[in-house]
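# Summary of structural features
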There are 2 protein chains.
Amino acid sequence: MTKPLRVVQVGLGDIGRAAARLVLEKPHLQLVGAVDPKFVGRPLMEVLDWPYRLEGVVTHHIPAADVAIHCTTSRWETAADELAALVRLGMHCVTSCEQALLPDQHDTARAAELDRLCREHRVSVVGTGVNPGFVMDTLPALLTAACQRVHSIHVRRVVDVATRRPALQRKVGAGLTPAEFDAQLAAGTLRHVGLTDSLLFVARAIGWEDVDVSEKIEPVLGADGRVAGVRQVAHAPNLVWELEMYRGAPEPRDEIHIEGVPPIHLVIRNGVAGDLATPAMLVNIIPQLLAAPPGLHTMAELCLPHFA
Amino acid sequence: MTKPLRVVQVGLGDIGRAAARLVLEKPHLQLVGAVDPKFVGRPLMEVLDWPYRLEGVVTHHIPAADVAIHCTTSRWETAADELAALVRLGMHCVTSCEQALLPDQHDTARAAELDRLCREHRVSVVGTGVNPGFVMDTLPALLTAACQRVHSIHVRRVVDVATRRPALQRKVGAGLTPAEFDAQLAAGTLRHVGLTDSLLFVARAIGWEDVDVSEKIEPVLGADGRVAGVRQVAHAPNLVWELEMYRGAPEPRDEIHIEGVPPIHLVIRNGVAGDLATPAMLVNIIPQLLAAPPGLHTMAELCLPHFA
């Protein structure tokens, strides 16, 4: 039996706490600490809602570890600086930051600098999750491997947010008046981050360069006239990525339609539950991350992900 | 523009010819020859049924190439010897040999020797295709990445062979009398090779070691009392792999059902057409094969496959 990998959880929101609990369940991983300014000093057992004996408290200071699971932000600029600090401590990093799916798309200089730092410290960094990270990018990219030709791709994710965590419902504006929705949309807090990134991830994988993407977002109204959630669409020539996340959305599913030779029409009934699957992706990718050459990677540069 | 990779096609059955045609379509690949004792001396243009001008004839001799696409056999013992000869010529190899999905499952010594040869000659070898290679192994393995826990997996492929190439119909015994079927079954020519391998590929990926698999096969009879095809099942504790290939099979599909946290229920309507997808897999995996460290690999050890 090899020694378990030491893992530190950075960021203790819903996803971060779930990832930390999953680390606690895995015999090949050892949770050596959890870091979040919001919870400093509070017992880990309580913050993680962990039913068994668990020593330690949430800290400010980052303990020595082999791997950091980073869940603090959706924005690459913030993530890049935090990841750089973790890399300088010699840690491999998995981040849930949505814009880390394709970092150079957001800040080429910061991405190049983080890649250089990774090589210097002989560690790797990758961004993943369920969306972005899996259902709208890694999975459709894999499916194209079975195609001799690809004419067009339509990826659609329909989520009934009534079945999901309250934070996600707030994120899509559920319960707002249309005017409140417009105000929050203008403030930039409602948009799902990463839809265009998912489209570009697949476009880049299949060699469609310089794709011109436009994205639009609109509220979906409920019977009470209030906002039930959003419909967000990214499209480019022959590529349509649609995300519908609202209360009561019918036939929740993940759907991928490739027109090509052969055509492929895939449906995941009820969709992949993001609240559960994102922590799984973050933890399951660790072996592939450690096996990769040092550097800042995308999911296309790691070996086949699977349950670990 | 980098120089195209030189590819030689070894074996010119249905799949081999389709792979060679696909190589001809790809600007980053150059078909430098095709080898098959059955067609020696015949014009490539005619053997490949290629509508454009194409020089050259099928040869016995293997020309210098960077990559060989090997489509001659389902059996690992035969494939291993042929692949060793290609590796000694300095070629990376992709093989459609079904048992090459998990070579060490069939002949540990030959697999170890081929791996050593690959390292010596600084090239890589992998076995792939649509089944095995994609729908019943690589794809379900990837899906488990989104799971915190996996309780059981049920993979089912239903193919209406009436819509597929005649060779596949013969392979599943379509048109035989039940007595002829039994005779051919006893002779070992009817079984789909690779079903247990696909199950074991996923079991190994998710860390379920020493899985005890049993496989059974039975004819499916048509209304005329003749054999329409086969139903073949491999099962192990909490793992069921079912393959139904017969004329008139209703609702053709690829289906993957993971009971776990979260559960995942995926359906590919009409299934992935193997006659088209196997050549695609063989050709699309080439970039990942060349990027891998030298050695004999499985699909789990290569970076994410995608259209190339």
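Residues numbered from 1 in each chain as written. Chains lettered and ligands numbered in written order. Predicted model: local features only at pLDDT ≥ 70, side-chain atom pairs only at ≥ 80, totals over all residues. Heavy atoms only, no water.

### Remarks on the relation of the copies chain A and chain B
For the match of chain A to chain B, the screw axis carries a shift of 0.0 Å, the RMSD comes to 0.0 Å, and the turn is 180 degrees. Such a combination of rotation and displacement between the chain copies is what one expects of a two-fold axis. Measuring from the rotation axis to each C-alpha of chain A, the shortest distance belongs to Cys303 of chain A, at 2.0 Å. A high fraction, 100%, of the interface residues of chain A reappear at the interface in chain B, so the copies pair face to face through one surface. (Least-squares fit on C-alpha atoms with pLDDT ≥ 70 in both. Contact = heavy atoms within 4.5 Å.)

### A few points about the pairing of strand β7 (residues 214–221) of chain A
Here β7 of chain A runs beside strand β8 (residues 227–236) of chain A; their pairing, made up of eight bridges, is antiparallel. For Pro219 of chain A, the partnering residue across the bridge sits in β8 of chain A and is Val230 of chain A. (Pairing = 2+ DSSP bridges. Helix = DSSP H or I, 4+ residues; strand = E, 2+ residues; numbered from the N terminus.)

### A word on the packing of aromatic side chains
Residue and element names in this part refer to chain A. Tallying each qualifying case throughout the model produces two aromatic pairs over all chains. Between the aromatic rings of Trp50 and Tyr52, the centroid separation amounts to 5.6 Å while the plane-to-plane angle is 75 degrees, which identifies the pairing as edge-to-face. Take Trp50: its relative accessible area is 13%, and that puts it in the buried class. (Phe/Tyr/Trp six-rings, centres within 6.5 Å; stacked < 30°, edge-to-face > 60°. Buried < 20%, exposed > 50% of the residue type's maximum accessible area, 1.4 Å probe, protein only.)

### Some details on the nonpolar core
Ranked by internal contacts, the top residues of the largest apolar core, which has 164 residues, are Ile69, Ile153 and Trp241 of chain A together with Ile69, Ile153 and Trp241 of chain B. Once residues within four sequence positions are removed from consideration, Trp241 of chain A is found in contact with Met136, Ile153, Val155, Leu195, Ser198, Leu199, Val202, Gln232, Val233 and Ala234 of chain A. (Core = buried A, V, L, I, M, F, W, Y, C linked by side-chain atoms within 4.5 Å.)

### Some thoughts on the packing of helix α3 (residues 76–88) of chain B against helix α4 (residues 108–121) of chain B
All names here are of chain B. The geometry of α3 relative to α4 is characterised by a closest axis approach of 10 Å and an angle of 15 degrees between their N-to-C directions. For the element pair α3 / α4, the angle class is roughly parallel. Seen from above, α3 lies across α4 with left-handed handedness. Contacts from Trp76, Glu77, Ala80, Asp81, Leu83, Ala84, Val87 and Arg88 of α3 reach α4 at Arg110, Ala111, Leu114, Leu117, Cys118 and His121. (Axes fitted to C-alpha atoms, helices over the stretch in contact; angles between N-to-C directions. Parallel < 35°, antiparallel > 145°, perpendicular 65-115°, else oblique. Left-handed = near helix turned anticlockwise from the far one by under 90°.)

### A short note on unusual backbone geometry
With the exception of glycine, the majority of residues adopt a negative phi angle, and the majority of peptide bonds are in the trans configuration. Cis geometry marks the peptide bond from Val261 of chain A to Pro262 of chain A, where omega comes out at -10 degrees. Looking at where Pro262 of chain A falls in the secondary structure, it is placed in the loop between β10 (253–261) and β11 (264–269). Residues Asn131 of chain B and Pro132 of chain B are joined by a peptide bond in cis, for which omega reads 0 degrees. Along the chain, the position of Pro132 of chain B falls in the loop between β5 (124–127) and α5 (138–143). You will see that Asp210 of chain B, though not glycine, has its phi angle at about 50 degrees, which is positive.

### Focus: the pairing of strand β9 (residues 239–246) of chain B
All names here are of chain B. Counting buried positions over the eight residues of β9 gives seven, a clear majority of the element. One ladder, built from eight bridges, connects strand β6 (residues 149–160) with β9; its direction is parallel. If you follow Arg157 over to β9, its bridge partner there is Leu243. Two strands pair when backbone bridges link them, and strand β8 (residues 227–236) and β9 are joined in this way by eight bridges, in the antiparallel orientation.

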